[in-house]
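Descriptive structure summary
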Amino acid sequence: MHPGVFVPTAAALGPCCRDCLSRARSLPGLSLSGLHRQMSRWNSRDSSSPLPSQNNPRILITGGLGQLGTGLAQILRKHYGKDNVILSDIKKPQPHVLESGPFVYADVLDYKHLRELVVNNRITWMVHYSALLSAVGEANMALARLHNVLDLALENCLRIFVPSTIGAFGPSSPRDPAPDLCVQRPRTIYGVSKVHGELMGEYLHHKYGLDFRCLRYPGVISVNGPPGGGTTDYAVQIFHDALSTGHHECYLRPDTRLPMMHISDCHRATIEFMQAPDCQLSLRTYNIAAMSFTPEEVAQEIRKHLPHLKVTYNPDSVRQNIADSWPVRFDDTNARRDWGWAATYALEELVSDMLRSIREKRTNEGLPVS
């Protein structure tokens, strides 16, 4: 064994993890990626090192350089210590990311390397932000990424978080509001991949005791990264346009209502959900809600600060059809009841914060502000 390698043993685990481990050991046919063979080899070794507790976890964030990962890592490091939260990605990080805490290069398609990271760093929580790609040609790669992290989570008794999305619903789903449990049947490969993740995690939880957790995010609004052309990204771009040119061309109809959330609420929901005791959870996948607005409503709120904003509408048929198949509102009653979820930002607070943050960012970068 290499020095410093940690190997989980039943004696080092809590009762839930021991149950998970014993059930996983007894699975003669389970092989998402050869799980039983790997567990038998690992657990023939021993270690006297105690596993970090769920109250003081060691956390790995895959796909950590995206819109959500770096911000979540900053908050988690304040909670649990700088060295206990490891960002990983296949991209090269900016210098400030390297200065803020541990970063490792990791491709979640490389099962062996990812397994070494989990074991050698004594990981107990995994947040899987590595993108599930929406292009048809990448569908199998997206599922391979998911299966790798689910394998590792079950093998090592991790608490694993895999985000889902508003895109997990389809045109036959209830739209106003969409409940946690209903017909989904999305019509995009992106949405199908998300539903696959929800169901695989739930199956592994009920069958083998995996501590799988999933939140369906609304459209997340943030200044942390540029809009990527997604269906809800107009709600980020409109703030940049308001402060740069004073004009925004929207690719959705003015009355297209969708669930949205400030990134601070998204981070807080994720952390509170991960911290919630397992016994409080009646579901493994929850909706979370904050606000729901149309392009015209957010434009009107921005005009309270920037009266000159002009918005023209040129609906894109692809994105409009996707938006029309998604929920108008999320019903998050179960999240509120089970683990106390409550959003902080409404539309008024979101607009004020986004304008302030983008104005400050543009000023620091020497860019003009309208």
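First, a word on what this report is: a plain description of the structure on this page. Here the structure is a predicted model, which means the values were calculated and not measured.

Re unusual backbone geometry
- Following Asp-176, the chain continues into Pro-177 via a peptide bond in cis, with omega recorded as 0°.
- Tracing the backbone through its elements, the reader meets Pro-177 in the loop between strand S6 (164-165) and helix H7 (189-208).
- Even without being a glycine, Arg-122 presents a positive backbone phi close to 55°.
- Structurally, the position occupied by Arg-122 is in the loop between helix H5 (111-120) and strand S4 (125-128).
- Its relative accessible area of 27% is what places Arg-122 among the partly exposed residues.
- A positive phi is found at Arg-185, a non-glycine position, where the angle reads about 45°.

Concerning helix H8 (residues 234-244)
- Of all 11 residues making up H8, 9 are buried, and the element is well covered by its neighbours.
- For H8, every residue scored as buried is listed here: Tyr-234, Ala-235, Val-236, Ile-238, Phe-239, His-240, Asp-241, Ala-242 and Leu-243.

Details of the packing of aromatic side chains
- By the definition in use, this model includes 11 aromatic pairs.
- Measuring from centroid to centroid gives 5.8 Å for Phe-169 and Phe-330, while their planes differ by 55°, and the two rings are tilted. One end of the pair, Phe-169, is in the loop between S6 and H7; the other, Phe-330, is in the loop between helix H11 (317-325) and helix H12 (333-339), with 161 residues separating them in the sequence.
- A relative accessible area of 1% places Phe-169 in the buried class.
- Taking 6.3 Å as the distance between ring centres and 40° as the angle between the ring planes, the aromatic pair formed by Trp-339 and Trp-341 counts as tilted. Trp-341 carries the same exposure label as Trp-339, and that label is buried.
- The structure contains a cluster of three or more aromatic residues connected by ring pairs, namely Tyr-129, Phe-161, Tyr-217, Phe-273, Tyr-286, Trp-339 and Trp-341.
- When the ring centre of Phe-273 is taken as origin, the NZ or CZ atom of Arg-213, which lies over that ring, is 5.9 Å away.

Some points on the pattern of salt bridges
- All told, the structure shown has 19 salt bridges when counted by the stated rule.
- Measuring nitrogen to oxygen at the nearest pair gives 3.1 Å for the salt bridge that ties Asp-278 to Arg-284.
- A relative accessible area of 28% means that Asp-278 is categorised as partly exposed.
- Among the salt bridges present, the one from Asp-338 reaches Arg-337, with a minimum N-O distance of 2.7 Å.
- Each of Arg-159, Asp-211, Arg-213, Asp-278 and Arg-284 takes part in a single network of salt bridges with overlapping partners.

Topic: the sheet that holds strand S8 (residues 219-221)
- Here 3 strands make up an open sheet; going across it, the order is S8-S10-S12 and the pairing mixed. Pairing within the sheet leaves two strands with one partner each, and these edge strands are S8 and strand S12 (291-293). Sheet twist, expressed as the average angle between the axes of neighbouring strands with direction ignored, equals 45°.
- Bridge count between S8 and strand S10 (residues 258-262): 3 bridges; the pairing is parallel. Counterpart to Gly-219 in the pairing with S10 is Met-260.
- Docked against the sheet, H8 engages S8, S10 and S12, running at close to 25° with respect to S8.
- Sheet strands touched by helix H9 (residues 263-275): S8 and S10. Its angle to S10, the strand with the most contacts, is close to 80°.

Here is what the cut-offs are and how they apply
- Residue numbering note: each chain is counted from 1, following its sequence as written.
- Local features in this predicted model are restricted to residues of pLDDT 70 or higher, and side-chain atom pairs are both shown and tallied only at a pLDDT of 80 or more, whereas totals for entire chains, interfaces and linings draw on every residue.
- In computing side-chain properties, one takes all heavy atoms of the structure into account and sets aside hydrogens as well as water.
- Working definition: helices are DSSP H or I runs of at least four residues, strands are E runs of at least two. Numbering for both runs from the N terminus.
- Each residue is placed in one exposure class: buried if its accessible area under a 1.4 Å probe, protein chains only, is under 20% of its type's maximum, exposed if it is over 50%, and partly exposed if it falls in between.
- Classification of ring pairs rests on two measures: the distance between centres of Phe, Tyr or Trp rings, Trp counted by its six-membered ring, which must be within 6.5 Å, and the angle between planes, read as stacked under 30 degrees, edge-to-face over 60 and tilted in between.
- Note on criteria: charge over ring means Lys NZ or Arg CZ within 6 Å of the ring centre, with the direction from the centre no more than 35 degrees off the ring normal.
- Here, a salt bridge means any Lys or Arg side-chain nitrogen found within 4 Å of an Asp or Glu carboxyl oxygen.
- At least two bridges found by DSSP between two strands is the condition for calling them paired.
- To get an axis, a line is fitted to the C-alpha atoms, and for a helix only the part in contact is used. The angle between two axes follows their N-to-C directions and goes from 0 to 180 degrees.
- Every residue pair with non-hydrogen atoms within 4.5 Å of one another is taken to be in contact.

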